[in-house]
Protein chains: 2
Amino acid sequence: MERTHGNGPGASAPVWSSALREHGRRVTRQRLAVLDAVERHPHSSADAILAMAREDLPELTPQSVYVVLGDLTDLGMLRRFEPPHSPALYETRVGDNHHHAICSVCGRVEDVECAVGHAPCLTPSETHGMTIMIADVTYVGVCSDCAAKQHTPPSGPPQTLPST
Amino acid sequence: MERTHGNGPGASAPVWSSALREHGRRVTRQRLAVLDAVERHPHSSADAILAMAREDLPELTPQSVYVVLGDLTDLGMLRRFEPPHSPALYETRVGDNHHHAICSVCGRVEDVECAVGHAPCLTPSETHGMTIMIADVTYVGVCSDCAAKQHTPPSGPPQTLPST
DNA sequence: CATTTATTTTGAGGAAGTCACAATAAGGGG
DNA sequence: CCCCTTATTGTGACTTCCTCAAAATAAATG
(Lines give C-alpha, C1' and ligand atoms only; values in the text may rest on other atoms or scores of the structure.)
Protein backbone atom coordinates (compact mmCIF):
# COMPACT_ATOMS: atom_id res chain seq x y z
CA MET A 1 0.00 0.00 0.00
CA GLU A 2 1.10 3.59 -0.43
CA ARG A 3 2.54 5.58 2.40
CA THR A 4 -0.23 7.90 3.46
CA HIS A 5 0.87 8.30 7.03
CA GLY A 6 3.25 11.19 6.47
CA ASN A 7 6.94 10.50 6.27
CA GLY A 8 8.01 6.89 6.39
CA PRO A 9 11.34 5.81 7.73
CA GLY A 10 14.24 7.22 5.84
CA ALA A 11 14.20 10.68 7.28
CA SER A 12 16.45 9.76 10.18
CA ALA A 13 17.46 6.41 8.82
CA PRO A 14 21.03 7.38 7.94
CA VAL A 15 21.55 8.61 11.49
CA TRP A 16 20.23 5.40 12.98
CA SER A 17 22.22 3.29 10.53
CA SER A 18 25.54 4.81 11.46
CA ALA A 19 24.67 4.70 15.14
CA LEU A 20 23.88 1.01 14.84
CA ARG A 21 27.13 0.34 13.03
CA GLU A 22 29.08 2.26 15.65
CA HIS A 23 27.64 -0.11 18.21
CA GLY A 24 28.65 -3.13 16.12
CA ARG A 25 25.11 -3.92 15.10
CA ARG A 26 23.87 -4.78 11.65
CA VAL A 27 21.45 -2.37 10.02
CA THR A 28 18.18 -4.21 9.63
CA ARG A 29 14.79 -2.98 8.58
CA GLN A 30 13.38 -4.21 11.87
CA ARG A 31 15.74 -2.10 13.94
CA LEU A 32 15.18 0.93 11.74
CA ALA A 33 11.42 0.52 11.91
CA VAL A 34 11.53 0.25 15.69
CA LEU A 35 13.85 3.23 16.08
CA ASP A 36 11.73 5.30 13.73
CA ALA A 37 8.53 4.41 15.57
CA VAL A 38 10.01 5.28 18.96
CA GLU A 39 11.38 8.55 17.62
CA ARG A 40 8.04 9.56 16.13
CA HIS A 41 6.11 8.58 19.25
CA PRO A 42 8.19 8.79 22.42
CA HIS A 43 6.91 7.07 25.59
CA SER A 44 5.46 4.16 23.65
CA SER A 45 4.97 0.62 24.86
CA ALA A 46 6.37 -2.39 23.01
CA ASP A 47 2.87 -3.10 21.82
CA ALA A 48 2.35 0.39 20.42
CA ILE A 49 5.81 0.36 18.86
CA LEU A 50 4.95 -2.89 17.12
CA ALA A 51 1.77 -1.41 15.69
CA MET A 52 3.54 1.71 14.45
CA ALA A 53 6.54 -0.12 13.04
CA ARG A 54 4.22 -2.47 11.18
CA GLU A 55 2.93 0.44 9.12
CA ASP A 56 6.23 0.22 7.30
CA LEU A 57 7.17 -3.37 8.00
CA PRO A 58 3.99 -5.44 8.29
CA GLU A 59 5.79 -8.73 8.83
CA LEU A 60 7.50 -7.51 11.99
CA THR A 61 6.82 -9.75 14.99
CA PRO A 62 6.29 -8.89 18.66
CA GLN A 63 9.24 -10.99 19.72
CA SER A 64 11.56 -9.09 17.43
CA VAL A 65 10.35 -5.84 18.93
CA TYR A 66 11.10 -7.14 22.42
CA VAL A 67 14.55 -8.31 21.37
CA VAL A 68 15.38 -5.11 19.52
CA LEU A 69 14.09 -2.86 22.30
CA GLY A 70 16.04 -4.78 24.91
CA ASP A 71 19.24 -4.73 22.94
CA LEU A 72 19.03 -1.07 21.95
CA THR A 73 18.24 -0.16 25.55
CA ASP A 74 21.32 -2.04 26.76
CA LEU A 75 23.32 -0.24 24.11
CA GLY A 76 22.09 3.11 25.35
CA MET A 77 20.39 4.04 22.08
CA LEU A 78 17.01 3.84 23.77
CA ARG A 79 15.83 4.53 27.25
CA ARG A 80 13.25 2.44 29.04
CA PHE A 81 11.18 3.37 32.05
CA GLU A 82 8.39 1.51 33.80
CA PRO A 83 5.53 3.58 35.15
CA PRO A 84 3.45 1.94 37.87
CA HIS A 85 0.66 -0.30 36.56
CA SER A 86 1.89 0.07 33.01
CA PRO A 87 4.11 -1.83 30.60
CA ALA A 88 7.57 -0.45 29.94
CA LEU A 89 7.79 2.67 27.79
CA TYR A 90 10.63 3.64 25.46
CA GLU A 91 12.08 6.86 24.09
CA THR A 92 15.02 7.94 21.95
CA ARG A 93 15.97 10.81 24.21
CA VAL A 94 18.95 9.40 26.06
CA GLY A 95 22.04 10.76 27.69
CA ASP A 96 20.41 13.60 29.55
CA ASN A 97 19.02 12.98 32.98
CA HIS A 98 15.41 13.89 32.40
CA HIS A 99 12.41 12.61 34.29
CA HIS A 100 8.78 11.88 33.54
CA ALA A 101 5.40 13.15 34.65
CA ILE A 102 2.46 10.81 34.25
CA CYS A 103 -1.20 11.72 34.45
CA SER A 104 -2.84 9.12 36.66
CA VAL A 105 -6.16 9.69 34.92
CA CYS A 106 -5.39 9.50 31.21
CA GLY A 107 -1.91 8.01 31.34
CA ARG A 108 -0.34 10.83 29.37
CA VAL A 109 3.42 11.14 29.79
CA GLU A 110 5.50 14.32 29.60
CA ASP A 111 9.21 14.86 29.84
CA VAL A 112 10.39 16.88 32.80
CA GLU A 113 13.78 18.52 33.11
CA CYS A 114 15.64 17.71 36.27
CA ALA A 115 14.21 19.67 39.16
CA VAL A 116 16.87 22.17 40.19
CA GLY A 117 18.40 22.22 36.76
CA HIS A 118 21.36 20.02 37.57
CA ALA A 119 20.62 16.51 38.76
CA PRO A 120 19.94 17.18 42.44
CA CYS A 121 18.14 13.88 42.68
CA LEU A 122 21.38 12.11 41.92
CA THR A 123 22.66 13.11 45.33
CA PRO A 124 20.69 11.31 48.00
CA SER A 125 21.56 12.15 51.57
CA GLU A 126 22.35 8.62 52.69
CA THR A 127 23.20 5.84 50.29
CA HIS A 128 24.04 3.04 52.76
CA GLY A 129 27.37 2.60 50.99
CA MET A 130 25.82 2.19 47.57
CA THR A 131 27.40 3.74 44.52
CA ILE A 132 24.46 5.37 42.76
CA MET A 133 24.55 5.11 39.01
CA ILE A 134 21.18 6.48 37.94
CA ALA A 135 18.18 8.14 39.54
CA ASP A 136 14.83 7.25 38.12
CA VAL A 137 12.28 9.94 38.95
CA THR A 138 8.61 9.64 38.07
CA TYR A 139 6.08 12.29 38.96
CA VAL A 140 2.47 11.19 39.17
CA GLY A 141 -0.28 13.75 39.00
CA VAL A 142 -3.28 14.95 37.04
CA CYS A 143 -2.89 16.85 33.80
CA SER A 144 -4.84 20.05 33.18
CA ASP A 145 -7.24 18.40 30.75
CA CYS A 146 -8.20 15.66 33.18
CA ALA A 147 -8.43 18.12 36.07
CA ALA A 148 -10.98 20.13 34.09
CA LYS A 149 -13.00 17.03 33.30
CA GLN A 150 -12.95 15.95 36.93
CA HIS A 151 -14.56 19.18 38.10
CA THR A 152 -17.21 19.23 35.40
CA PRO A 153 -18.40 15.65 34.77
CA PRO A 154 -20.53 16.33 31.68
CA SER A 155 -21.00 13.01 29.96
CA GLY A 156 -18.14 10.56 30.04
CA PRO A 157 -17.73 8.20 33.00
CA PRO A 158 -14.92 9.09 35.42
CA GLN A 159 -11.81 7.16 34.55
CA THR A 160 -9.44 5.99 37.22
CA LEU A 161 -6.46 4.49 35.48
CA PRO A 162 -4.69 4.76 32.14
CA SER A 163 -5.70 2.14 29.67
CA THR A 164 -3.37 2.55 26.70
CA MET B 1 1.35 -26.34 66.42
CA GLU B 2 3.91 -24.47 68.45
CA ARG B 3 5.50 -21.26 67.34
CA THR B 4 9.20 -21.96 67.01
CA HIS B 5 10.12 -19.15 64.63
CA GLY B 6 10.61 -16.42 67.21
CA ASN B 7 7.79 -13.96 67.76
CA GLY B 8 4.64 -14.63 65.89
CA PRO B 9 2.11 -11.97 65.09
CA GLY B 10 0.65 -10.34 68.09
CA ALA B 11 3.47 -7.98 68.89
CA SER B 12 2.07 -5.23 66.71
CA ALA B 13 -1.29 -6.88 66.20
CA PRO B 14 -3.27 -4.47 68.40
CA VAL B 15 -1.87 -1.55 66.44
CA TRP B 16 -2.80 -3.11 63.12
CA SER B 17 -6.21 -4.13 64.42
CA SER B 18 -7.20 -0.63 65.42
CA ALA B 19 -5.77 0.81 62.23
CA LEU B 20 -7.85 -1.61 60.20
CA ARG B 21 -10.97 -0.76 62.15
CA GLU B 22 -10.32 2.95 61.70
CA HIS B 23 -10.34 2.31 57.98
CA GLY B 24 -13.60 0.42 58.21
CA ARG B 25 -12.01 -2.94 57.61
CA ARG B 26 -12.61 -6.14 59.51
CA VAL B 27 -9.73 -7.57 61.46
CA THR B 28 -8.88 -10.89 59.85
CA ARG B 29 -5.98 -13.22 60.41
CA GLN B 30 -5.05 -12.87 56.76
CA ARG B 31 -4.69 -9.12 56.98
CA LEU B 32 -2.77 -9.33 60.23
CA ALA B 33 -0.45 -11.98 58.84
CA VAL B 34 0.24 -9.89 55.76
CA LEU B 35 0.82 -6.72 57.73
CA ASP B 36 3.08 -8.53 60.16
CA ALA B 37 5.12 -10.05 57.34
CA VAL B 38 5.55 -6.73 55.58
CA GLU B 39 6.53 -5.04 58.82
CA ARG B 40 9.11 -7.68 59.65
CA HIS B 41 10.54 -7.69 56.13
CA PRO B 42 10.07 -4.38 54.33
CA HIS B 43 10.57 -4.25 50.55
CA SER B 44 9.07 -7.69 50.04
CA SER B 45 7.26 -8.99 46.99
CA ALA B 46 3.79 -10.47 47.15
CA ASP B 47 5.37 -13.89 46.76
CA ALA B 48 7.78 -13.38 49.65
CA ILE B 49 5.01 -11.93 51.78
CA LEU B 50 2.91 -15.02 51.12
CA ALA B 51 5.73 -17.29 52.19
CA MET B 52 6.37 -15.34 55.38
CA ALA B 53 2.71 -14.95 56.28
CA ARG B 54 2.21 -18.68 55.80
CA GLU B 55 4.56 -19.35 58.69
CA ASP B 56 1.70 -18.26 60.89
CA LEU B 57 -1.25 -18.89 58.59
CA PRO B 58 -0.40 -21.87 56.34
CA GLU B 59 -3.76 -21.88 54.58
CA LEU B 60 -3.29 -18.34 53.24
CA THR B 61 -3.63 -18.16 49.48
CA PRO B 62 -1.72 -16.05 46.93
CA GLN B 63 -4.89 -14.38 45.72
CA SER B 64 -5.75 -13.22 49.21
CA VAL B 65 -2.32 -11.70 49.51
CA TYR B 66 -2.85 -9.80 46.28
CA VAL B 67 -6.27 -8.60 47.37
CA VAL B 68 -5.10 -7.59 50.82
CA LEU B 69 -1.97 -5.85 49.54
CA GLY B 70 -3.94 -3.93 46.94
CA ASP B 71 -6.60 -2.86 49.40
CA LEU B 72 -4.19 -1.86 52.15
CA THR B 73 -2.13 0.07 49.61
CA ASP B 74 -5.20 1.98 48.44
CA LEU B 75 -6.01 2.67 52.08
CA GLY B 76 -2.56 4.09 52.63
CA MET B 77 -1.58 1.53 55.25
CA LEU B 78 1.02 0.08 52.90
CA ARG B 79 3.17 1.59 50.22
CA ARG B 80 3.94 -0.15 46.97
CA PHE B 81 6.76 0.57 44.55
CA GLU B 82 7.82 -1.19 41.40
CA PRO B 83 11.54 -1.42 40.72
CA PRO B 84 12.54 -2.06 37.13
CA HIS B 85 12.60 -5.75 36.17
CA SER B 86 11.05 -6.74 39.46
CA PRO B 87 7.62 -7.48 40.88
CA ALA B 88 6.05 -4.83 43.10
CA LEU B 89 7.50 -4.46 46.59
CA TYR B 90 5.66 -3.40 49.73
CA GLU B 91 6.51 -1.66 52.98
CA THR B 92 4.72 -0.39 56.06
CA ARG B 93 6.64 2.89 56.13
CA VAL B 94 4.11 5.31 54.69
CA GLY B 95 3.34 8.96 55.03
CA ASP B 96 6.88 10.23 54.70
CA ASN B 97 8.26 10.96 51.28
CA HIS B 98 11.19 8.58 51.27
CA HIS B 99 12.83 7.01 48.26
CA HIS B 100 14.63 3.76 47.46
CA ALA B 101 18.07 2.67 46.40
CA ILE B 102 18.34 -0.65 44.62
CA CYS B 103 21.52 -2.64 44.02
CA SER B 104 21.41 -3.71 40.40
CA VAL B 105 23.61 -6.71 41.20
CA CYS B 106 21.97 -8.36 44.21
CA GLY B 107 18.61 -6.57 44.20
CA ARG B 108 18.99 -5.32 47.75
CA VAL B 109 16.77 -2.35 48.58
CA GLU B 110 17.50 0.43 51.06
CA ASP B 111 15.41 3.36 52.15
CA VAL B 112 16.76 6.78 51.28
CA GLU B 113 15.66 10.02 52.85
CA CYS B 114 14.65 12.67 50.39
CA ALA B 115 17.72 14.24 48.84
CA VAL B 116 17.92 17.78 50.17
CA GLY B 117 15.98 16.93 53.28
CA HIS B 118 12.71 18.45 52.21
CA ALA B 119 11.11 16.99 49.11
CA PRO B 120 13.00 18.89 46.43
CA CYS B 121 12.01 16.29 43.92
CA LEU B 122 8.40 17.29 44.38
CA THR B 123 9.14 20.54 42.61
CA PRO B 124 9.94 19.82 38.99
CA SER B 125 10.90 22.83 36.88
CA GLU B 126 8.25 22.38 34.22
CA THR B 127 5.14 20.32 34.74
CA HIS B 128 3.31 21.00 31.46
CA GLY B 129 0.28 22.07 33.45
CA MET B 130 0.12 18.91 35.51
CA THR B 131 -0.69 18.98 39.19
CA ILE B 132 1.95 16.74 40.70
CA MET B 133 0.72 14.54 43.53
CA ILE B 134 3.65 12.26 44.24
CA ALA B 135 7.25 11.89 43.14
CA ASP B 136 8.55 8.37 42.87
CA VAL B 137 12.33 8.33 43.05
CA THR B 138 14.38 5.19 42.60
CA TYR B 139 18.15 5.17 42.71
CA VAL B 140 19.90 2.31 40.98
CA GLY B 141 23.48 1.50 41.84
CA VAL B 142 25.82 -1.10 43.25
CA CYS B 143 26.00 -1.79 46.96
CA SER B 144 29.34 -2.01 48.73
CA ASP B 145 29.19 -5.78 49.08
CA CYS B 146 28.62 -6.34 45.38
CA ALA B 147 31.22 -3.75 44.44
CA ALA B 148 33.80 -5.69 46.47
CA LYS B 149 32.80 -8.97 44.85
CA GLN B 150 33.00 -7.45 41.40
CA HIS B 151 36.65 -6.46 41.90
CA THR B 152 37.66 -9.80 43.38
CA PRO B 153 35.80 -12.61 41.56
CA PRO B 154 36.90 -15.49 43.82
CA SER B 155 34.45 -18.35 43.39
CA GLY B 156 30.82 -17.47 42.91
CA PRO B 157 29.48 -16.82 39.44
CA PRO B 158 28.89 -13.16 38.62
CA GLN B 159 25.26 -12.29 39.06
CA THR B 160 23.58 -9.76 36.83
CA LEU B 161 20.09 -9.27 38.16
CA PRO B 162 18.20 -9.66 41.40
CA SER B 163 16.44 -12.94 41.80
CA THR B 164 14.50 -12.75 45.05
C1' DC C 1 -26.11 -18.23 69.10
C1' DA C 2 -27.93 -16.56 64.65
C1' DT C 3 -27.60 -13.32 60.89
C1' DT C 4 -25.51 -10.31 57.70
C1' DT C 5 -22.18 -9.40 54.51
C1' DA C 6 -17.25 -8.42 54.16
C1' DT C 7 -13.48 -11.35 53.16
C1' DT C 8 -11.23 -15.26 51.52
C1' DT C 9 -10.82 -19.15 48.62
C1' DT C 10 -11.33 -21.59 44.26
C1' DG C 11 -10.49 -21.75 39.57
C1' DA C 12 -9.89 -19.74 35.29
C1' DG C 13 -7.59 -16.39 32.55
C1' DG C 14 -4.89 -12.43 30.70
C1' DA C 15 -1.02 -9.12 29.95
C1' DA C 16 3.77 -8.64 29.45
C1' DG C 17 7.75 -10.57 28.57
C1' DT C 18 11.31 -14.65 28.13
C1' DC C 19 13.57 -18.82 26.17
C1' DA C 20 15.19 -22.26 22.72
C1' DC C 21 15.71 -23.33 18.22
C1' DA C 22 14.85 -23.06 13.16
C1' DA C 23 14.73 -19.78 9.20
C1' DT C 24 16.39 -15.64 7.17
C1' DA C 25 19.27 -11.99 5.61
C1' DA C 26 23.23 -8.47 6.44
C1' DG C 27 28.01 -7.82 5.68
C1' DG C 28 32.51 -9.31 4.02
C1' DG C 29 35.57 -12.00 0.77
C1' DG C 30 36.44 -13.78 -3.60
C1' DC D 1 28.00 -10.20 -8.54
C1' DC D 2 27.76 -14.46 -5.85
C1' DC D 3 28.83 -17.17 -1.78
C1' DC D 4 29.58 -17.84 3.00
C1' DT D 5 29.48 -16.86 7.79
C1' DT D 6 26.91 -15.62 11.53
C1' DA D 7 24.08 -11.99 13.48
C1' DT D 8 19.30 -11.31 13.48
C1' DT D 9 14.55 -12.45 13.07
C1' DG D 10 10.63 -15.55 13.25
C1' DT D 11 8.09 -19.52 15.40
C1' DG D 12 6.11 -21.55 19.15
C1' DA D 13 5.94 -22.80 23.75
C1' DC D 14 6.35 -21.14 28.24
C1' DT D 15 6.86 -18.22 32.73
C1' DT D 16 5.85 -14.67 35.86
C1' DC D 17 2.89 -11.53 37.96
C1' DC D 18 -1.40 -10.31 38.53
C1' DT D 19 -6.77 -9.91 37.85
C1' DC D 20 -11.62 -11.41 37.61
C1' DA D 21 -16.05 -13.91 38.81
C1' DA D 22 -18.39 -16.79 41.72
C1' DA D 23 -18.76 -19.97 45.71
C1' DA D 24 -17.34 -20.81 50.54
C1' DT D 25 -16.02 -18.90 54.90
C1' DA D 26 -15.79 -16.15 58.95
C1' DA D 27 -15.94 -11.22 61.37
C1' DA D 28 -18.96 -8.23 63.58
C1' DT D 29 -23.45 -7.17 65.54
C1' DG D 30 -27.62 -7.97 68.23
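Residues numbered from 1 in each chain as written. Chains lettered and ligands numbered in written order. Predicted model: local features only at pLDDT ≥ 70, side-chain atom pairs only at ≥ 80, totals over all residues. Heavy atoms only, no water.

Caption draft 1: Region of the structure containing the pattern of salt bridges. Residue and element names in this part refer to chain A. Applying the stated rule across the entire model yields 22 salt bridges over all chains. Between Asp71 and Arg31 there is a salt bridge, with the nearest N and O atoms lying 3.6 Å from each other. Of the two residues, Asp71 sits in helix α4 (residues 62-75) while Arg31 sits in helix α2 (residues 29-40), which places them 40 residues apart along the sequence. Neither Asp71 nor Arg31 differs from the other in exposure class; each is buried. Shared partners join several salt bridges into a network, and the residues in it are Arg93, Asp96, Asp111 and Glu113. (Salt bridge = Lys/Arg side-chain N within 4 Å of Asp/Glu carboxyl O. Helix = DSSP H or I, 4+ residues; strand = E, 2+ residues; numbered from the N terminus. Buried < 20%, exposed > 50% of the residue type's maximum accessible area, 1.4 Å probe, protein only.)

Caption draft 2: Here's a closer look at unusual backbone geometry. A positive phi angle is found at His43 of chain A, which is not glycine, with a value near 65°. Here His43 of chain A shows up in the loop between α2 and β1 (44-45).

Caption draft 3: Quick peek at the pairing of strand β5 (residues 109-112) of chain B. Residue and element names in this part refer to chain B. Covered by surrounding structure in β5 are Val109 and Asp111 together with Glu110 and Val112, the residues of both alternating faces. Two strands pair when backbone bridges link them, and strand β4 (residues 99-103) and β5 are joined in this way by four bridges, in the antiparallel orientation. Bridging across to β5, His100 finds its partner in Asp111. In sequence, β4 turns back onto β5 through a hairpin of five residues, with Gly107 there showing a positive phi of about 85°. (Pairing = 2+ DSSP bridges.)

Caption draft 4: Spatial organisation of the protein's contact with DNA strand D. Contacts to DNA strand D come from 18 residues, most closely from Thr28, Gln30, Arg31 and Ser64 of chain A together with Val27 of chain B. Each atom of DNA strand D within 4 Å of the protein belongs either to a base or to sugar and phosphate, the latter forming 75%. In the model, a base nitrogen of DNA strand D is placed 3.2 Å from a nitrogen or oxygen of the Arg26 of chain B side chain. Ala88 of chain B places a main-chain nitrogen or oxygen 3.2 Å from a phosphate oxygen of DNA strand D. Breaking the surface near DNA strand D down by element, the ones donating at least two residues are α2 and α4 of chain A together with α4 (62-75) of chain B. When residues of the surface near DNA strand D are assigned to their parent elements, the largest contribution, three residues, is made by α4 of chain A. (Near = heavy atom within 4 Å. Polar contact = N/O pair within 3.5 Å; in protein donor to acceptor, adjacent residues only side chain to side chain.)

Caption draft 5: Structural detail: the sheet that holds strand β1 (residues 44-45) of chain B. Residues and elements named next belong to chain B. Strand order in the open sheet formed by three strands is β1-β3-β2, with antiparallel pairing between adjacent strands. Looking at which strands have only one partner, the edges of the open sheet turn out to be β1 and β2 (79-81). Strand direction decides the pairing type here: β1 and strand β3 (residues 89-91), joined by two bridges, are antiparallel. Its bridge partner being in β3, Ser44 is matched across the sheet by Tyr90.

Caption draft 6: Spatial organisation of the protein's contact with DNA strand C. If you check the shell around DNA strand C, you find 17 residues, and the closest are Val27 of chain A together with Thr28, Gln30, Arg31 and Ser64 of chain B. For DNA strand C, the fraction of atoms within 4 Å of the protein that belong to sugar or phosphate moieties is 78%. With respect to DNA strand C, the side chain of Tyr66 of chain A contributes an N or O atom lying 3.4 Å from a phosphate oxygen. In the model, a phosphate oxygen of DNA strand C is placed 3.2 Å from a nitrogen or oxygen of the Ala88 of chain A main chain. For the surface near DNA strand C, the secondary-structure elements that each account for two or more residues are α2 (29-40) and α4 of chain B.

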